[in-house]
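For reference, the chains in residue letters:
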Amino acid sequence: MKFTKKVLAIVMAVLMVSFILPVFASAEADTTLQFGEDGKFQIMMFADSQDDEELEETTTQLMRKALATYKPDLVIYMGDNSVAPGEKQADAIAAIVAPCVEAEVPFTLVFGNHDQEQGVSNDDLLKEYQKYPGCLAVDAIPELYGCGNHNLTILSSDGAKVAFNLWLVDSGTSTEEAGGYDYVREDQIQWYKDTAAELAAANGGEVVPAMSFQHIIVPEVYDALGMMKIPVGIGEWTFDGQAYLPIPNFGSYTGYVFEPPCPSHINGGQMDAWLETGDVMATFYGHDHVNDFTTSYKGIDITTVPTVGCNSYSNDINRGVGLITLDESDLTTYEYEALRMYDFALAEGSKILECEGALSKISYQFNKFIDGFLTKLHELVSGFSLPTFGK
Ligand SMILES: [Fe+2]
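Report follows, based on the coordinates. (Residues numbered from 1 in each chain as written. Predicted model: local features only at pLDDT ≥ 70, side-chain atom pairs only at ≥ 80, totals over all residues.)

**Observations concerning the overall build of the protein**
Argument step 1. Helix and strand counts for the protein come out as 9 helices and 18 strands.
Argument step 2. Its C-alpha atoms give the protein principal-axis dimensions of roughly 95 × 55 × 45 Å.
Argument step 3. Of all 391 residues assigned to the protein, the portion counted as buried reaches 42%. (Helix = DSSP H or I, 4+ residues; strand = E, 2+ residues; numbered from the N terminus. Buried ≥ 20, exposed ≤ 12 C-beta atoms within 10 Å, placed from the backbone.)

**Some details on the sheet that holds strand E3 (residues 74-77)**
The pairing of strands in a sheet comes from backbone hydrogen bonds and takes either a parallel or an antiparallel form.
Argument step 1. Taken together, 5 strands build an open sheet; the order of strands is E4-E3-E2-E17-E18 and the sheet is mixed. On the outer flanks of this sheet lie strand E4 (107-109) and strand E18 (335-340), each paired with one strand and no other. Neighbour-to-neighbour, the strand axes of this sheet turn through a mean angle of 25°, independent of strand direction.
Argument step 2. Bridging between E3 and E4 involves 3 bridges; their strand directions are parallel. Each bridged residue has a counterpart across the sheet, and for Val 75 the counterpart in E4 is Phe 107. (Pairing = 2+ DSSP bridges. Axes fitted to C-alpha atoms, helices over the stretch in contact; angles between N-to-C directions.)

**Regarding the packing of helix H5 (residues 186-201) against helix H7 (residues 270-277)**
Argument step 1. Across the interface, H5 lies against H7 with an axial gap of 10 Å and an inter-helix angle of 10°. For the element pair H5 / H7, the angle class is roughly parallel. For the element pair H5 and H7, the recorded crossing hand is right-handed. Where H5 abuts H7, its residues Ile 189, Tyr 192, Lys 193 and Ala 196 lie against Gln 270, Ala 273 and Thr 277.
Argument step 2. Within the contact of H5 with H7, the residues separate by chemical class into 4 nonpolar, 2 polar and 1 charged. (Parallel < 35°, antiparallel > 145°, perpendicular 65-115°, else oblique. Left-handed = near helix turned anticlockwise from the far one by under 90°. Contact = placed C-beta atoms within 7 Å. Nonpolar A, V, L, I, M, F, W, Y, C, P; charged D, E, K, R; others polar.)

**A word on the nonpolar core**
Argument step 1. Residues Met 45, Phe 46, Ile 76, Met 78, Phe 107 and Phe 213 are the most contacted members of the largest nonpolar core, which totals 92 residues.
Argument step 2. For Phe 107, the residues in contact, after removing those within four places along its chain, are Leu 74, Val 75, Tyr 77, Val 97, Cys 100, Gly 134, Cys 135 and Leu 136. (Core = buried A, V, L, I, M, F, W, Y, C linked by C-beta atoms within 7 Å.)

**Quick notes on the sheet that holds strand E12 (residues 242-245)**
Argument step 1. If you walk across this open sheet you meet the 3 strands as E10-E12-E11, and the pairing is antiparallel. Edge positions in the sheet fall to strand E10 (228-230) and strand E11 (238-239), since each of these pairs with one other strand and no more.
Argument step 2. Here E11 pairs with E12 via 2 bridges, running antiparallel. Each residue of the ladder has a partner; that of Thr 238, found in E12, is Ala 243.

**A word on the environment of His 114**
Argument step 1. For His 114, the location among the structural elements is in the loop between E4 and helix H4 (122-129).
Argument step 2. Given 19 C-beta atoms within 10 Å, His 114 falls into the partly exposed group.
Argument step 3. In the structure, His 114 is positioned 32 residues away from Ser 82 in sequence and 8.0 Å away in space, judged by C-alpha atoms.
Argument step 4. The contacts of His 114, once residues within four sequence positions are left out, are Gln 50, Asp 80 and Val 83.

Quick look at the structure:
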């Protein structure tokens, strides 16, 4: 009898170890970001999915196909993620995170100007996201302006050190004070500076190279794009006291500026803080759904990610997802690619063509042709720029 009890106890212990250990191991795997054995780390961005609980089938299939094709290490939802009325927001979130959950890809997010407009606070929306495995988003300091400000570090492939850092920042909504779209506030910027200093201190005094992600673009984009400065504002395009005509210098960017970018009219000093700190090499935004460009301001890249959402205002030519590839052998640079929906729709085995609301095969082929044509045209006119008359 005693012997039977002993055997039973040993069997139970073995069973517990074999069940419990993998749970802890997988919990760690879910929350630790690390460069792969090949030295690479890929981040996929889904911007402005902006749909209700009945997410367009084409959006779901676009996300699924992109994840299956590239198998990224992390997904970032770039804001204006879900816009279902009231309590239906929970179902809308379930729909947009489903492709990541199915593919077992960890994800995080920033909020846009529309997420909390549906009667559920961003605090409560964040709790919904956190119910799903792989969600890495947290509200690091709840007292800070906005919700969900946090950073995620990526370990080197040998796990010996923090090799890279990602800033996820809430750029707010629309406020009367800002006369339109919101901006990143002083307390958030101070948190960024303090945390970057802590990371640097733990890294032998060297800043940890980083990228920053938020929904609403910074006002410096108007200077980066070489928008015409004019002495008196004649439209809504006055930022930080400077009026512009929204006509870019074609040589100042790659990709598309299909609409004037929409930053806040107030500059909270976020770009200055990045420049002063020196860790951020590139910044990524959603918000302007049809835009899909990369430009640079004093050495910091500014990239808008085209919309992934098929049920919001967007553009069939450049709709898609953004993909960043980091290589730990040289973290002073990176690769970025805007991946087009038409390519995923035309790829072998794609289910996009079968979806309700999908375009025809010939329409996707036509979009591909137009995209190629416009890209060539842009290259031809990229030497042409207009004069500026402002300060
Ligand atoms: Fe949006």
